[in-house]
Amino acid sequence: MKTYSIAAIAASALLLSVASCKTASKTVNVAGPVEVKTAGQSNAAVHKVIYGEWIAYKVGDQLVTGSNRPYVIFDGENLDKETNLVKAYANDGCNVINGIYTITPGGKMARSSELISTLRLCHDTPYERGVSLALNNVTKFELDKIGEDYLLNMKNDNDSTLMVLRKYDLNFINGSWKVTEINGEKVTTAEPMTLIFDTPEQRIHGSVGCNTMNGKITMNPDRQNSMSFTQMATTRMTCPDIQAESALLKALSEVVTVFPTDNLAGAELKDEAGNTVVTIERIQLR
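What you see is a predicted model; the values in this text were computed from it and never measured.

A. Spotlight on helix α4 (residues 242-253). With 12 residues, α4 extends 17 Å between its outermost C-alpha atoms, agreeing within 8% with the 16 Å of an ideal straight helix rising 1.5 Å per residue. Among all positions of α4, only Glu245, Leu248, Ala251 and Leu252 are buried. One side of α4 carries all its buried residues, which in axial view fall inside an arc of 130°. In α4, the exposed positions that point more than 90 degrees away from the buried face belong to Gln243, Lys250 and Ser253. Against the buried residues of α4 lie β12 (175-182), β14 (194-198), β16 (212-218), β17 (228-234), β19 (266-270) and β20 (276-282).

B. Region of interest: the environment of Ile116. Here Ile116 shows up in strand β8 (residues 116-117). Accessibility expressed as a relative area gives 31% for Ile116, which makes it partly exposed. Placed 20 residues apart in sequence, Ile116 and Val96 show a C-alpha to C-alpha distance of 8.3 Å.

C. Just the pairing of strand β10 (residues 149-155), in detail. Within β10, seven of the seven residues are buried, which leaves it mostly tucked inside the rest of the structure. A two-sided burial pattern is seen for β10, the buried positions comprising Asp149, Leu151, Asn153 and Lys155 on one face and Tyr150, Leu152 and Met154 on the other. In the sheet, strand β9 (residues 140-146) pairs with β10 via seven bridges, with the strands oriented antiparallel. Bridging from a neighbouring strand, Asp144 pairs with Leu151 of β10. Between β9 and β10, which pair antiparallel in sequence order, lie two residues; one of them, Gly147, sits at a positive phi of approximately 60°. Direction of pairing for β10 relative to strand β11 (residues 161-167): antiparallel, over a ladder of six bridges. For Met154, the partnering residue across the bridge sits in β11 and is Met163. Where β10 folds back on β11, the antiparallel hairpin that results is connected by five residues, among which Asp159 adopts a positive phi of roughly 70°.

D. Structural detail: the state of the cysteines. Enumeration according to the criterion identifies two disulfides in this entry. Across the disulfide from Cys210 sits Cys239; the S-S distance is 1.5 Å. Between Cys210 and Cys239 the sulfur-sulfur dihedral comes to about -75°; the bridge is accordingly left-handed. Remark: Cys239 occurs in the loop between β17 and α4 and Cys210 occurs in the loop between β15 (203-207) and β16; sequence separation between them is 29 residues.

E. Just the packing of aromatic side chains, in detail. All told, the structure shown has one aromatic pair when counted by the stated rule. For the ring pair Phe197 and Phe229, a centre distance of 6.1 Å and an interplane angle of 40° mean the geometry is tilted. Taken together, the residues span a long stretch of sequence, with Phe197 in strand β14 and Phe229 in strand β17 at a distance of 32 residues. Look at Phe197 and you get buried, because its relative accessible area is 3%.

F. Examining unusual backbone geometry more closely. Of note, the phi angle at Gln202 is positive, near 55°, even though the residue is not glycine. Residue position: Gln202 is located in the loop between β14 and β15. Although it is not a glycine, Gln231 sits at a positive phi angle of roughly 55°. For Gln231, the position within the fold is in strand β17.

G. Structural view of helix α3 (residues 128-137). Every buried residue of α3 is accounted for by Val131, Ala134 and Leu135. The arc enclosing the buried residues of α3, seen along the axis, measures out at 95°, which places them on a common side.

H. Representation of the environment of Met232 within the structure. You can see Met232 is positioned in strand β17. Using a relative accessible area of 29% as the deciding quantity, one classes Met232 as partly exposed. Along the sequence, Met232 and Ile204 sit 28 residues apart, while their C-alpha atoms lie 8.8 Å from each other. The residues touching Met232, leaving out its near neighbours within four places in the chain, are Ile204, Met213, Asn214, Gly215 and Leu252.

I. Region of interest: the pattern of salt bridges. All chains considered together, the criterion is met by 10 salt bridges. Between Asp222 and Arg69 there is a salt bridge whose closest N-O contact spans 2.8 Å. Pair noted here: Asp222 is in the loop between β16 and β17 and Arg69 is in the loop between β3 (62-63) and β4 (71-74), with a separation of 153 residues, a long-range link. Neither residue differs from the other here; Asp222 and Arg69 are each classed as buried. A salt bridge links Lys155 to Glu142; the nearest nitrogen and oxygen atoms lie 3.4 Å apart. Within this pair, whereas Lys155 is found in strand β10, its partner Glu142 is found in strand β9, the two being separated by 13 residues in sequence. Looking at Glu142, the relative accessible area reads 34%, which means it is partly exposed. Ionic contacts of the salt-bridge type, sharing partners, join the residues Lys140, Glu142, Lys155 and Asp159 into one network.

Each value, and the rule that gives it
Residues numbered from 1 in each chain as written. Predicted model: local features only at pLDDT ≥ 70, side-chain atom pairs only at ≥ 80, totals over all residues. Heavy atoms only, no water. Helix = DSSP H or I, 4+ residues; strand = E, 2+ residues; numbered from the N terminus. Expected span 1.5 Å × (residues − 1). Buried < 20%, exposed > 50% of the residue type's maximum accessible area, 1.4 Å probe, protein only. Arc of directions from axis to C-beta. Contact = heavy atoms within 4.5 Å. Pairing = 2+ DSSP bridges. Disulfide = S-S within 2.5 Å. Phe/Tyr/Trp six-rings, centres within 6.5 Å; stacked < 30°, edge-to-face > 60°. Salt bridge = Lys/Arg side-chain N within 4 Å of Asp/Glu carboxyl O.

Right, here's the structure in full:
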């Protein structure tokens, strides 16, 4: 999945020029439906959760599918907690939009400025009108939590849901980890196996023993706790624990989800069948 620079989005929104319909895409694989569990709202929850990138899950009555999905970014760097004004940048599947919203912990979400949009003429954009209606007519919101993810329900005065956005909350995995088990077998290599996750940059790197590795993190917006790895590359030194290194690389290629342990000191990386293929333990920096 490709990330989007807020600065670049804002700049493009000011161009307001007619351009060809070539938009950036988010590569996804369709999975099962999302199950919703309601979470309580509070000042802390809103200020922590609301800003960042949200991907459209539902627009009006339409479930969003495909590789080019609308998204909304609430700019946390411009969150004014005294006036509750938040800058927002969005893509409706064709055009880039920006504006300012008033968002309060009590559940209010409403435009505080006119929306500015590019004027691309695009074909096959089934969500464009619905996204525009939601961004213009939203007056309140509700937050739901699903596993480690959040749903943002944008509603109007009649309590009708205009659009549902989804956001990953995988910050728990960021940082340095030691690999303790591969497919249930304890790691006993002479050199420690370590993994470093950077979800904002969507990168993974580390040491698989005596060789180093790096790759790309991808996330499936249709799957809870989604995380998988692509474009994996390693150095090719001959190492005494080469079989363990190969086993780790193979296991990482099978990962589709990640779950924290209860105390957040560990995590389990699971395959499509739900089996834990890699177990990791957080490295405490001194």
